[in-house]
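Reading the structure
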Amino acid sequence: MLDLIPQGPATSLWARVMNANMASIMPQVIATWCEQQGHTVRYLCYTGFEDLLAEMAPARDLVFIASFTRTAPLAYAVSNYYRQRGAVTVLGGPHARCFPDDACRYFDYVLGLTDKNIVAEVLAHCAPQRPLGVHLSAPRQPAELPGVAERWKFVAATLAKAPVVKIVPLIASLGCPYTCSFCIDSTIDFQPVPVEQVAADLRFLRSKLKRPQVGWQDPNFGVRFDELMDAIEEAVPPGSIEYLAESSLSLLTEPRLQRLQRLGFKALLPGIESWYDLGNKSKTGRRTGEQKMAQVAEHVNLLLRYVPYVQANFVLGLDSDEGAEPFELTKRFLDRCPAVFPAYSLLTAFGEAAPLNLELQRAGRVLPFPFFFMDNNKSMNVRPLFYGWTEFYDRLIDLSEYSFSWRSIGRRLRAQGVGVAGFMNLIRAISSEGFGRIKYHRRIRAMLEQELPVRRFFEGETSELPSFYHEAVRAKLGALWPLLPEGGLGYDHLAFLHKSQAQRLTQLA
């Protein structure tokens, strides 16, 4: 069972500190289910600092690989390695849900929503599927998951790779109650994990670790707030575990923040997304623009009174954005909230992940960027509605430079003090997330102006991949590059549209 975190060998300080803490729950769950079926399982969370070729060398009968879209080329190369040696390979994770048709070219089984029955079916058949793999998907998320006690051996193996911060992944709910049109969970029904399981997980962690740190992997933590907090409070003494969670501002009222502080919550990651849309998540109703920014800033500063670390999440390039104002409002937000860490995602259409993607493909706005670059930061594979590319990158670079200037870094440190929160913000800003992305965006902006093939690719005039992207993947994969299957960088970026049209013709017939 291989859980891929980076796209290849890692070098940055931030990766060294945090990659092991990015481990997903489902690979550990599937490893546990396989053991329960009587199989011998080797689990590896690849953080970018292991010798992956050496780790892959022993023979395997069946290989499960969990992959985000950004790690798909690495997953394809690993699958090719094992298939050449007679193993059967299975892909799960976000990429399998987003691009199942492409993944079926390189895997024997591709899993969408995955439950214990799906895993049992794969284990029972375990046969090569060529030339195209089989796509399997459960009708809904699993009704129950193995608790942390059952998967502890896999959790512990990953924690051992974390040099400083050691975060245990837990989950209290599946799916999402919101309907953001760009999100993979927008059509997945919200489903809470039984509070008895949550309580048992926390009690077990207290028996294993002196002061556990828990990262809740819920898309929106705390939807059933009082019921969940009651379970946490009854399970372990308040403050005995430190928690990190991604939640919506609409859920984070002051009485709830007081309770989160008492229980030991140290970091919150609210999704602001846009100054002009998605007011239900930020509890701003119909307020937009300056009014929404002011209200959100006040609310975020309230969070910081009770929780030392807050990351504000934004999506740039949404169709509701136009001109300079969205970027200038974000600067003013940062001025009002100097301690907050801003996280900027570029609008990305991940295949079949969300309803909006079909509309974007139908409008001819989706571009065939290699999967490697689809990490919400290195590419925006949707042509923006109200910006030319050079204007968009000029504004993106300007905002990024403002957010991660030494002046802004100093303000964050002064606002937070030189503690854990301040240290984490400093490392993020000067490593790949801050300085590194500014450097990368400047490179793209220069190529847009100086290299015609790049400009034509961005404008959708050609699908021929500029050499820059080809060489970047080759450099990152390193020794694994020769294992990437022929055609592994190309794919049908309109597959969702083509499938939808074929289904409609079938229905009409």
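A brief report on the enclosed structure follows. Think of each chain on its own: its residues are numbered from 1, step by step along the sequence as written. Thresholds applied to this predicted model are a pLDDT of at least 70 for local features of residues and 80 or more for the giving and counting of side-chain atom pairs; totals over whole chains, interfaces and linings are not thresholded and use all residues. Excluding hydrogens and water, the side-chain values take into account all heavy atoms of the structure.

1. A word on the packing of aromatic side chains
Geometry of aromatic contacts follows a simple scheme: Phe, Tyr and Trp rings, the Trp one being its six-membered ring, pair when their centres are within 6.5 Å, and the pair is stacked under 30 degrees between planes, edge-to-face over 60, tilted otherwise. Following the criterion strictly, the structure yields 35 aromatic pairs and no others. Judged by centre distance (6.5 Å) and plane angle (85°), the ring pair of Tyr76 and Phe371 falls under edge-to-face. Placement of the pair is Tyr76 in helix 4 (residues 72-84) and Phe371 in the loop between helix 15 (355-362) and helix 16 (389-403), with a sequence separation of 295 residues. When the centroid spacing of 5.1 Å and the interplanar angle of 85° are considered together, the rings of Phe369 and Phe458 count as edge-to-face. One end of the pair, Phe369, is in the loop between helix 15 and helix 16; the other, Phe458, is in helix 20 (residues 452-458), with 89 residues separating them in the sequence. No difference in accessibility class separates Phe369 from Phe458, as the two residues are buried. In this text, helices come from DSSP runs of H or I with a minimum length of four residues, and strands from runs of E with a minimum of two, each type numbered from the N-terminal end. Relative accessibility decides the category of a residue: with a 1.4 Å probe and only protein chains considered, values under 20% of the type maximum give buried, values over 50% give exposed, and everything between is partly exposed.

2. Re the packing of helix 15 against helix 22 (residues 495-508)
Orientation of helix 15 relative to helix 22, taken along the N-to-C sense of each, is 90°, at an axis distance of 8 Å. In terms of orientation, helix 15 lies roughly perpendicular with respect to helix 22. From helix 15, Asn357, Leu358, Gln361 and Arg362 reach across to helix 22, where they touch Ala495, Phe496, Leu497 and Ser500. All axes here are fitted lines through C-alpha atoms, helices being fitted over the stretch that makes contact, and every angle between N-to-C directions spans 0 to 180 degrees. Angle categories: roughly parallel below 35 degrees, roughly antiparallel above 145, roughly perpendicular from 65 to 115, and oblique for all the rest. Should any heavy atoms of two residues lie within 4.5 Å, those residues are considered in contact.

3. Quick notes on the packing of helix 14 (residues 325-336) against helix 16
Viewed as axis vectors pointing N to C, helix 14 and helix 16 meet at an angle of 5°, and their least axial separation amounts to 10 Å. As summarised for this structure, helix 14 and helix 16 are arranged roughly parallel, according to the angle between their axes. Of helix 16, the residues touching helix 14 (which contributes Phe327, Glu328, Thr330, Lys331, Leu334 and Asp335) are Phe392, Arg395, Leu396, Asp398, Leu399, Tyr402 and Ser403. Per-class residue counts for the contact of helix 14 with helix 16 are six nonpolar, two polar and five charged. Three classes are used, and their members are as follows: Ala, Val, Leu, Ile, Met, Phe, Trp, Tyr, Cys and Pro are nonpolar, Asp, Glu, Lys and Arg are charged, and the others, Gly among them, are polar.

4. Observations regarding the sheet that holds strand 5 (residues 109-111)
Consider a sheet: its strands pair through backbone hydrogen bonds, and that pairing is either parallel or antiparallel. The strand order 2-1-3-4-5-6 describes an open sheet built from six strands, whose pairing is parallel. Looking at strand neighbours, the two that pair on one side only are strand 2 (44-46) and strand 6 (134-136), the edges of this open sheet. Pairs of neighbouring strands in the sheet enclose a mean axial angle of 20°, with direction left out of account. As judged from the three bridges shared by strand 5 and strand 6, these two strands associate in the parallel manner. In the sheet register, Tyr109 faces strand 6, and the bridge partner there is Val134. Two strands qualify as a pair provided that DSSP identifies no fewer than 2 bridges between them.

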